[in-house]
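# Overview (structure and organization)
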Amino acid sequence: MSMIGEYFRVTAAELERAIQDSDWALDYIEESRDVEEEAKPSPAEARHFSTYKAWHLLDFLLQRSGFPVSVIHGEELFGEADDWGYGPPRYLPADRVRLAADELGCLTYDRLLDGVEPHELMAAEIYPLGWEDRSSLEWGGDWFAGLAEYFAAAAHAGHAVIVWLD
């Protein structure tokens, strides 16, 4: 079974309802995700986004760079949310989404990789394993670009973002 990083953009009203009723939130997200799977919108147009299995690599690289927002795991816990796969969901309020978008917009994937060696990822047991050589690190570049695009659009819309591992 895979561990997948998941994101869903919400308005302030939707976030408030989601915090109060995590079952509603999960149902709403699943319905929206099903609709988007057919339409295949770009990260900027999507309500749902996934970093697929690259979430752990991106987390490692962002933490290593001193990134000021926990975009991979979220920052605020839902009140009584159940486990949505690998733990309960978290969220980033709109002001933290805006900060994340600004900071992501100033980064490049090459800059995140600067000085990183594959053995560091193996030693840290970064999922998914298989960091044999420098070229294996390039795999996360498209996921990083999509994440930056997604957060920029969420910030532009004034959205909060729900985050979880599934």
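Refer to the structure printed above.
Note that residues are indexed from 1 along each chain, following the sequence as it is written. At least 70 in pLDDT is required for a residue's local features to be given in this predicted model, at least 80 for side-chain atom pairs to be given and counted, and no such filter applies to totals for whole chains, interfaces and linings, which use all residues. Think of the side-chain values as coming from all heavy atoms in the structure, minus any hydrogens and water.

As a further point, take the sheet that holds strand E1 (residues 5–10). Taken together, the five strands give an open sheet; going across it, the order is E2-E1-E5-E4-E3, and neighbouring strands pair in antiparallel fashion. Because the sheet does not close on itself, it has two edges, and the strands there are strand E2 (48–52) and strand E3 (76–77). In this scheme, strands are said to pair when DSSP sees at least two bridges between them. We count a stretch as a helix when DSSP gives it H or I for four or more residues in a row; a strand needs E for two or more, and each element gets its number in order from the N terminus. Strand direction decides the pairing type here: E1 and strand E5 (residues 160–165), joined by six bridges, are antiparallel. From the neighbouring strand, Val 10 faces E5, where its bridge partner is Ala 160. Here a residue-residue contact requires only that any non-hydrogen atoms of the pair lie within 4.5 Å. Orientation is described by axes fitted as lines to C-alpha atoms, over the contacting stretch for helices, and by angles from 0 to 180 degrees between their N-to-C directions. Packed on one face of the sheet, helix H2 (residues 22–39) meets E1, E2 and E5 and runs near 100 degrees to E1.

Only protein atoms enter the 1 Å grid used here, on which a cavity is any set of points holding a 1.4 Å probe that cannot leave and a pocket is any open set flanked by protein within 12 Å on both sides along at least five of seven lines; residues with an atom within 4 Å of a point are listed as lining. Grid points are joined across faces, edges and corners, and a volume is the space filled by probe spheres set on the points. Size it by volume and the largest pocket reaches roughly 220 Å³. The set of elements that each furnish at least two residues to the lining of the largest pocket consists of H2 and E2.

Let's shift gears to the nonpolar core. Across soluble globular proteins, nonpolar side chains show a tendency to be buried alongside one another. What is meant by a nonpolar core is a set of buried Ala, Val, Leu, Ile, Met, Phe, Trp, Tyr and Cys residues, joined one to another through side-chain atoms within 4.5 Å. Three exposure classes are used, based on accessible area relative to the maximum for each residue type with a 1.4 Å probe and protein chains only: buried under 20%, partly exposed in between, and exposed over 50%. Counting 38 residues, the largest nonpolar core has Tyr 7, Leu 62, Val 71, Leu 147 and Phe 151 as the members making the most contacts within it. Within the residue set of this core, elements represented by two or more residues are helix H3 (55–64), helix H4 (94–105), helix H5 (109–113), helix H7 (141–157) and E5. Top element by residues in this core is H7. It accounts for seven residues. Among the nonpolar cores identified, the runner-up in size contains 13 residues, and Val 10, Leu 15, Phe 78 and Tyr 91 belong to it.

So, to be careful, I would describe these as geometric facts and stop short of saying anything about function.
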